[in-house]
Amino acid sequence: MNRRSFVKYIPAVGALGVLPNTLSAEESKESKKSKNPNTRAYWAELLYKISNPVLAQMSQGKLRQNMPVETPPKAYRGRENVTHLEALGRTLAGVAPWLALPDTNDAEGKMRLDLKEKALKSIAHSVDPNSPDYLNWTKGSQPLVDGAFLVHGIMRAPEALWEPLDEEVKKRFVQEIKNQKEAIPPYYNNWLLFGAMLDAFLLYVGEGGDFMRIDFAVKKHDEWYVGDGWYGDGQNFHMDYYNGYVIQPMMLQVLKIAASKRKSYEKLYETVGKRMSRFAEQQERLISPEGTYPPVGRSITYRIGAFQPLAETALLNTLPESISPAQVRSAMSAILERQFEAEGTFDKDGWLTIGFCGHQPEMGDSYISTGSLYLCTLGFLPLGLPADHEFWTAPNEDWTAKKAWSGVSIKADHAISF
């Protein structure tokens, strides 16, 4: 991968100081592949491009100073007080599995190591009262959401994002999570899982954790299950992507921790995993032959983050038998190209802008700001698979809708009953 090619894939802000030296001929050859969205190199360079502005600035204690705070028309007030924890928590929730891979000396490995080092410094700044980037953990309700996303990232890759931290940083972080848990009660909907995620994290690191809060959150969502892989968001069903953004993956994460501590949770953990595989099967069928999907419901400016369950089942090797890893890669690559190559998706300094496909600020909900947008990283979870995994090495394959609309016979689709 040559220097000029790399420059076009990384943001201007804070990046010039970390450019690698001129790379090898083999890496230059890999750069040519990266122009094809259906390659691992393209995914890796794009995730680096998205994540680096956040982590480059925060690792220097300059995120609050330098990150723009774009909001949509009629936005809630005070977004500047919550957007920075959003940016950090959401970025790490998606990039974590990639950072957990073993270090390598190729172009991808250099990007990965760079982000990992910045991530650890960023976490340290977030809990240091003397840092300009000491974050708001407890004021207002929004920090509960992004504390949950941040611990999700840590639990997805503890060897990269927790174990290397200084003991004092760990102590401060745990205290901030405890303070947040006490300060912010969750709403009676998918937010119950945000509170449960904090308790799951505290259990995971041996700092207590309330099984009653976990139990209430997972049992209420089990009650709100409406069938065929779908949960209601509270007592009512919402036609949106919150099963993708929050409910399915956080149910799985919370129950993974709970089941590791108490056998009574094992059956529900297994059931929730099967439901998510079914939901992922439906998500794959929603991707049109052109690499688009319906822009319905709240928070569509999270872009490909809506497909987190499909991405995570690929990562966990729990895709349903009807879907091959190659067709998931091909389908999601088509979305990546449509959304992130659209003009206006990034501003002149490389920060994400509000939009679904390009810059469309009027499509942002009232709670959206720049930091919110980094939930898109959740669509990149398969980068946590090694480069020699079938997901990356199998030949390109048409996905279900593309096959069906080209006249290829596909398997009939059937609901599940659990």
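Look a little higher up for the structure.
These numbers come from a predicted model, not from an experiment.

## A short note on the overall build of the chain
Phase 1 of the analysis: Looking only at helices and strands, one finds 17 helices and two strands in the chain.
Phase 2 of the analysis: Taken over C-alpha atoms, the radius of gyration comes to 20 Å for the chain, in line with the 22 Å a tight globule of 418 residues would show.
Phase 3 of the analysis: Viewed in the frame of its principal axes, the chain has a C-alpha envelope of about 60 × 55 × 45 Å.
Phase 4 of the analysis: Pairs at least 24 apart in sequence give 76% of the contacts found in the chain among residues at least 6 apart.
Phase 5 of the analysis: Of the roughly 16900 Å² of accessible surface on the chain, a fraction of 50% belongs to carbon and sulfur atoms.
Phase 6 of the analysis: Across the chain, 47 positive and 50 negative side-chain charges occur, with their mean positions spaced 1 Å apart.

## Regarding helix H15 (residues 325–340)
Phase 1 of the analysis: In a regular helix each residue adds 1.5 Å, so 16 residues correspond to 22 Å; H15 covers 22 Å between its end C-alpha atoms and thus fits that length.
Phase 2 of the analysis: The element H15 is extensively covered by neighbouring structure, given that 14 of its 16 residues are classed as buried.

## Some words on unusual backbone geometry
Phase 1 of the analysis: Phi at arginine 303 is positive, roughly 50°, even though this residue is not glycine.
Phase 2 of the analysis: Here arginine 303 lies in the loop between helix H13 (266–286) and helix H14 (308–315).
Phase 3 of the analysis: If you check the backbone angles, asparagine 317 has positive phi at about 60° while not being a glycine.
Phase 4 of the analysis: Assignment of secondary structure puts asparagine 317 in the loop between H14 and H15.
Phase 5 of the analysis: Overall, the relative accessible area of 53% leaves asparagine 317 in the exposed class.

## Observations regarding the environment of serine 51
Phase 1 of the analysis: Mapped onto the secondary structure, serine 51 falls in helix H3 (residues 40–58).
Phase 2 of the analysis: When its relative accessible area of 0% is taken as the criterion, serine 51 is described as buried.
Phase 3 of the analysis: Measuring from C-alpha to C-alpha, the distance between serine 51 and leucine 88 comes to 9.2 Å, with 37 residues separating the pair along the chain.
Phase 4 of the analysis: The residues contacting serine 51, other than those within four sequence positions of it, are Thr91, Val95, Leu115 and Thr377.

## Let's talk about the state of the cysteines
Phase 1 of the analysis: Tallying each qualifying case throughout the model produces zero disulfides.
Phase 2 of the analysis: Its sulfur unpaired, cysteine 357 is 13 Å from the next cysteine sulfur, which belongs to cysteine 376.
Phase 3 of the analysis: For cysteine 376, a relative accessible area of 0% gives the class buried.

## Thoughts on the packing of aromatic side chains
Phase 1 of the analysis: In the structure shown here, the tally under the stated rule is 25 aromatic pairs.
Phase 2 of the analysis: On the basis of an interplanar angle of 85° and a centroid distance of 5.2 Å, the ring pair of tryptophan 43 and tryptophan 392 is categorised as edge-to-face. Of this pair, tryptophan 43 sits in helix H3 while tryptophan 392 sits in helix H16 (residues 390–393), placing them 349 residues apart in sequence. Residues tryptophan 43 and tryptophan 392 agree in their burial class; the two are buried.
Phase 3 of the analysis: Ring geometry for tyrosine 242 versus tyrosine 245: centroids 5.2 Å apart, planes at 85°, classification edge-to-face. Pair noted here: tyrosine 242 and tyrosine 245 are both in helix H12 (residues 242–261), with a separation of three residues, about one helical turn.
Phase 4 of the analysis: Through a chain of ring-to-ring contacts, the aromatic side chains of Tyr241, Tyr242, Tyr245, Tyr293, Tyr302, Phe307 and Phe356 assemble into a single cluster.
Phase 5 of the analysis: The cationic tip of lysine 49 hangs over the ring face of phenylalanine 346; the distance from NZ or CZ to the ring centre is 4.1 Å.
Phase 6 of the analysis: We note arginine 298 situated over the ring of tyrosine 242; from NZ or CZ to the ring centre the distance is 4.0 Å.

## Thoughts on the pattern of salt bridges
Phase 1 of the analysis: For the structure shown, the criterion picks out 26 salt bridges.
Phase 2 of the analysis: Where arginine 156 meets glutamate 312, a salt bridge forms, and the shortest distance between an N and an O atom there is 3.2 Å. Separated by 156 residues along the polypeptide, arginine 156 in helix H7 (residues 142–156) and glutamate 312 in helix H14 bring together distant segments of the chain. Across this residue pair, the class does not change: arginine 156 and glutamate 312 are buried.
Phase 3 of the analysis: Note that lysine 178 and glutamate 207 form a salt bridge whose closest N and O atoms lie 3.3 Å from each other.

## Section: a nonpolar patch on the surface
Phase 1 of the analysis: Taken together, Val226, Phe237 and Met239 make up a surface patch of nonpolar side chains, about 300 Å² in accessible area.
Phase 2 of the analysis: Of note, methionine 239 is situated in the loop between strand S2 (230–231) and H12.

## Quick word on the packing of H3 against H15
Phase 1 of the analysis: Between H3 and H15, whose axes approach to 12 Å, the crossing angle comes to 40°. By the angle between their directions, the pair H3 and H15 is classed as oblique. As H3 runs across H15, the sense of the crossing is left-handed. In this structure, H3 contributes Tyr42, Trp43, Leu46 and Ile50 to the contact, and H15 contributes Arg329, Met332, Ser333, Leu336, Glu337 and Phe340.
Phase 2 of the analysis: In terms of residue class, the contact of H3 with H15 is made up of seven nonpolar, one polar and two charged.

The rules behind each value
Residues numbered from 1 in each chain as written. Predicted model: local features only at pLDDT ≥ 70, side-chain atom pairs only at ≥ 80, totals over all residues. Heavy atoms only, no water. Helix = DSSP H or I, 4+ residues; strand = E, 2+ residues; numbered from the N terminus. Rg over C-alpha atoms; globule rule 2.2 N^0.38 Å. Contact = heavy atoms within 4.5 Å. Areas by Shrake-Rupley, 256 points an atom, 1.4 Å probe, with all protein chains shown as cover. Lys, Arg positive; Asp, Glu negative; His and termini not counted. Charge placed at Lys NZ, Arg CZ, Asp CG, Glu CD. Expected span 1.5 Å × (residues − 1). Buried < 20%, exposed > 50% of the residue type's maximum accessible area, 1.4 Å probe, protein only. Disulfide = S-S within 2.5 Å. Phe/Tyr/Trp six-rings, centres within 6.5 Å; stacked < 30°, edge-to-face > 60°. Lys NZ or Arg CZ within 6 Å of the ring centre and 35° of its normal. Salt bridge = Lys/Arg side-chain N within 4 Å of Asp/Glu carboxyl O. Patch = residues over 30% accessible without salt bridge, like charges linked within 9 Å, V, L, I, M, F, W, Y side chains within 5 Å. Axes fitted to C-alpha atoms, helices over the stretch in contact; angles between N-to-C directions. Parallel < 35°, antiparallel > 145°, perpendicular 65-115°, else oblique. Left-handed = near helix turned anticlockwise from the far one by under 90°. Nonpolar A, V, L, I, M, F, W, Y, C, P; charged D, E, K, R; others polar.

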